[in-house]
Amino acid sequence: MTKGLWRARVDVPGVTRGSGFLVSERHLLTCAHVVAKHRKAEVVLGDSPTPRRAEVVTSGPWWTETAEAADIAVLELTEAVTVEPARFGPHTSIDLYSGQDLTSYGFPEDFERSGVNATRFTASLHRMLGRNVQLDAKDDIGIWLQEGFSGAAAVHAGTGQVVGMIKAAGDEEHRIGVMVPIAELVRHVPMLDEVIPLGPFGPRAYAELRSALRAASVTPAHVSRCLAALRAEVPGFPDHVDTVQAAAEALVVEVMSTSHDDMSRRLAAFLWQLGATESRHWVADHLFDGEPPGAAAPETDGAIVVCLAPAANTGEEAYDLTVWTVQADGELTEPVVTGTGLVHEAWQERVESAISEALDVMPIGVETITIEFVLPRAFLSEPVDEWIDHTDDDTPLGVSRPVVVRDLDWFRHRNPVSLGRRARSLRDTGRRLGGALRGRDCRHEPSDPGVFKAWLREDQGPFVISLAGRWAAADYVRAAVAAGPPVLIWRRPPCSAEAHEGGAGCAGGRFAVELAEHLQAVTVDSVARAVRELRIQAAQATDVHCGNGITLLRDDTRRRIIPLAFAK
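Residues numbered from 1 in each chain as written. Predicted model: local features only at pLDDT ≥ 70, side-chain atom pairs only at ≥ 80, totals over all residues. Heavy atoms only, no water.

S.K.: Give a detailed account of the nonpolar core, specifying residues and quantitative values.
M.R.: Within the largest apolar cluster, 90 residues are counted, with the highest numbers of intra-cluster contacts made by Phe21, Leu29, Val35, Leu192, Leu267, Phe270 and Leu271. It is helix H5 (residues 244–253) that provides the largest number of residues to this core, a total of seven residues. Discounting residues that sit within four places of it in the chain, Leu192 has contacts with Val23, Leu29, Trp62, Phe88, Leu185 and Val186. Formed by 45 residues, the second largest nonpolar core is a distinct cluster that contains Val366, Val477, Ala479 and Ala483. (Core = buried A, V, L, I, M, F, W, Y, C linked by side-chain atoms within 4.5 Å. Buried < 20%, exposed > 50% of the residue type's maximum accessible area, 1.4 Å probe, protein only. Helix = DSSP H or I, 4+ residues; strand = E, 2+ residues; numbered from the N terminus. Contact = heavy atoms within 4.5 Å.)

S.K.: Would you mind going over the packing of aromatic side chains in detail, with residue names and values included?
M.R.: Tallied over the full model, the rule gives 13 aromatic pairs. A ring pair is formed by Phe201 and Trp282, whose centres lie 5.3 Å apart and whose planes are at 65°; its orientation type is edge-to-face. A residue pair is termed long-range when its members are at least 10 positions apart, and Phe201 in the loop between helix H2 (182–188) and helix H3 (203–215) and Trp282 in helix H7 (residues 277–286) qualify at 81 residues. A relative accessible area of 3% means that Trp282 is categorised as buried. Centroid distance Tyr319 to Trp347: 5.0 Å. Interplanar angle 85°. Geometry classified as edge-to-face. (Phe/Tyr/Trp six-rings, centres within 6.5 Å; stacked < 30°, edge-to-face > 60°.)

S.K.: Which residues make up the side chain of Thr395, and what are the values?
M.R.: With respect to the helices, strands and loops of the structure, Thr395 is situated in strand E19 (residues 395–396). A distance of 2.6 Å separates the side chain of Thr395 from the backbone oxygen of Asp392, its partner in a polar contact. Look past the residues within four positions of Thr395 in its chain and what remains in contact with it is Trp387, Ile388, Asp389 and Ser400. (Polar contact = N/O pair within 3.5 Å; in protein donor to acceptor, adjacent residues only side chain to side chain.)

S.K.: I'd like a description of unusual backbone geometry, backed by residues and values.
M.R.: Here Gly461 and Pro462 are connected by a cis peptide whose omega angle stands at 10°. Of note, Pro462 is situated in the loop between helix H13 (449–456) and strand E22 (464–467). With a phi angle near 65°, Lys37 is a residue other than glycine that sits in the positive phi range. Relative to the helices and strands, Lys37 resides in the loop between strand E3 (27–30) and strand E4 (40–45).

S.K.: So, helix H17 (residues 527–539): which residues are in play, and what are the values?
M.R.: Compared with the 18 Å implied by 1.5 Å per residue over 13 residues, the 18 Å span of H17 between its first and last C-alpha is a close match. For H17, the complete set of buried residues consists of Val527, Ala528, Ala530, Val531, Leu534, Arg535 and Ala538. Summarising the axial view, the buried residues of H17 lie within an arc of 160°, below the 170-degree limit, and thus occupy one face. In this structure, the buried residues of H17 make contact with strand E17 (368–375), helix H9 (397–400), strand E20 (403–407), helix H12 (433–436), helix H16 (507–518) and strand E24 (550–554). (Expected span 1.5 Å × (residues − 1). Arc of directions from axis to C-beta.)

S.K.: Give me the pairing of strand E21 (residues 437–440): which residues, what numbers.
M.R.: Relative to E22, E21 is paired through four bridges, and the arrangement is parallel. Across the sheet, Arg440 pairs through a bridge with Leu467, a residue of E22. Note that the unit made of E21, H13 and E22 has a crossover that is right-handed. (Pairing = 2+ DSSP bridges. Right-handed = clockwise from strand over helix to strand, strands pointing away.)

S.K.: I'd like a description of the pairing of E24, backed by residues and values.
M.R.: Burial analysis of E24 places five of its five residues in the buried class, the great majority of the element. Two strands pair when backbone bridges link them, and strand E23 (residues 487–491) and E24 are joined in this way by five bridges, in the antiparallel orientation. Following the sheet pairing, Trp490 is matched in E24 by Thr551.

S.K.: So what's going on with the pattern of salt bridges? Residues and values would help.
M.R.: Per the stated rule, a full pass over the model turns up 27 salt bridges. For Glu184, the salt bridge is made with Arg131, and the minimal N-O distance between the two is 3.9 Å. Placement of the pair is Glu184 in helix H2 and Arg131 in the loop between strand E9 (121–129) and strand E10 (132–137), with a sequence separation of 53 residues. On the basis of relative accessible area, Glu184 is assigned to the buried category, the value being 8%. The partner of Arg406 in a salt bridge is Glu372, and the shortest N-O contact between them spans 2.9 Å. Highlighted residues: Arg406 in strand E20 and Glu372 in strand E17, separated in sequence by 34 residues. Each of the two residues, Arg406 as well as Glu372, counts as buried. Here the salt bridges share partners, and the residues they tie into one network are Glu372, Arg406, Arg554 and Asp555. (Salt bridge = Lys/Arg side-chain N within 4 Å of Asp/Glu carboxyl O.)

Read these as spatial facts, not as claims about activity.
Structure representation (structure tokens):
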């Protein structure tokens, strides 16, 4: 035991019963069943073969009424030791180190004096057993967890940090085990909060961070956006992390930052962007006095959803208008404007008026308002971005605000699983759309519809599609929309015959290349703003600009009507 001197053998009178590990100069953790029915024990640490006397804690700050039922016991040495205690990983270690190698050192039969390492194993949040975690051996050879390992520390092989305590094990055939994770240990032994730091932050600062994050009221959608930004912007940020606490801890202990200052800046920016008072107070107390560098407050977004749907039972081609206002990522509630019996030729004037009405009732604090047009599939190329915003000096709507279209069929779909999965994939990974873009334009000869439909669905797609030239014809657009892409962008104006005959390259042929360049740093959540910038540029340039006559379809399973199902 030349390394990890904090590892301990735990003996009760006459027999070696298990293992434990030192957590302070006088305290060790072990399993309650190791010292069951005993008040005293002897502990052998790695610095000396001489046993040290200890008592099982049954009162005081290191004891709680719930610990024994959770199979957790604390031993208190009669004299303090100079051995350095075990180093704990973060509370979310099982999340951060999911699937990575863990190890343990115990004292099973035939190794009661020397101790032995178990074969390596893994743990995962997907393998929870109540509040405990299942352990799975990585191979069928080597010594597996067994009697004598109870109470031993489960250690992350890469960092040497304790991530939990071994509680039980299956037989040699099944090679599974059970571990009490750190958060559960702390729940039953709160004094551990006094000894567990997080990287450079001491135990008190770390406890205050967790308390601030628990108290913060942040919507799941906002958390998702913040995590997506981290994955895209921070090299080495773990893709599987999906909670605010795990993200904050990963920024401290997992991400390979160039310096302490770099780590502090990134952590402060993340906590600030959450927008919660509690997390910002923690930043002010422990990192920066005031707004940290690169942590501008996130924009407060909202949307006006304009739906034009065929009217039922009218006997003529007429449409019903419904308009909702939505703050942030809220769902649709009561409409703010309705209308019936609109003919197609009267859409523009009535909708422009309805949008003005809806803008009047939007809260003042909402900074960016996206206009979302939900239209029948045959009308998705309607130039709604060229309609007028009467609240902004009669400026074209697509210049004054982000404008997107959505497909009415997907909007009403009872279970749009495929669309939702692809949208979440783009959002949760923070994927940049320029790298994900696949297109068809004048460089590609039109194909059979079956071939086009197969191309759309390659690699579990479609995700981000662009169409231009002959490929922006109605049939191709309808087929692309039917495949359910979260992002579809097409250029409505056809290429001139002269451009094709000259061989110098047409606007349609350059569309995908220019669009990909513009979308290099753009995510699914920022694409509407990016396309608005293209429209602004195009309004000041020539008709060959890639933003000229551009339609953006952006869709997922949010902000839609949820059909109700009734039992028959």
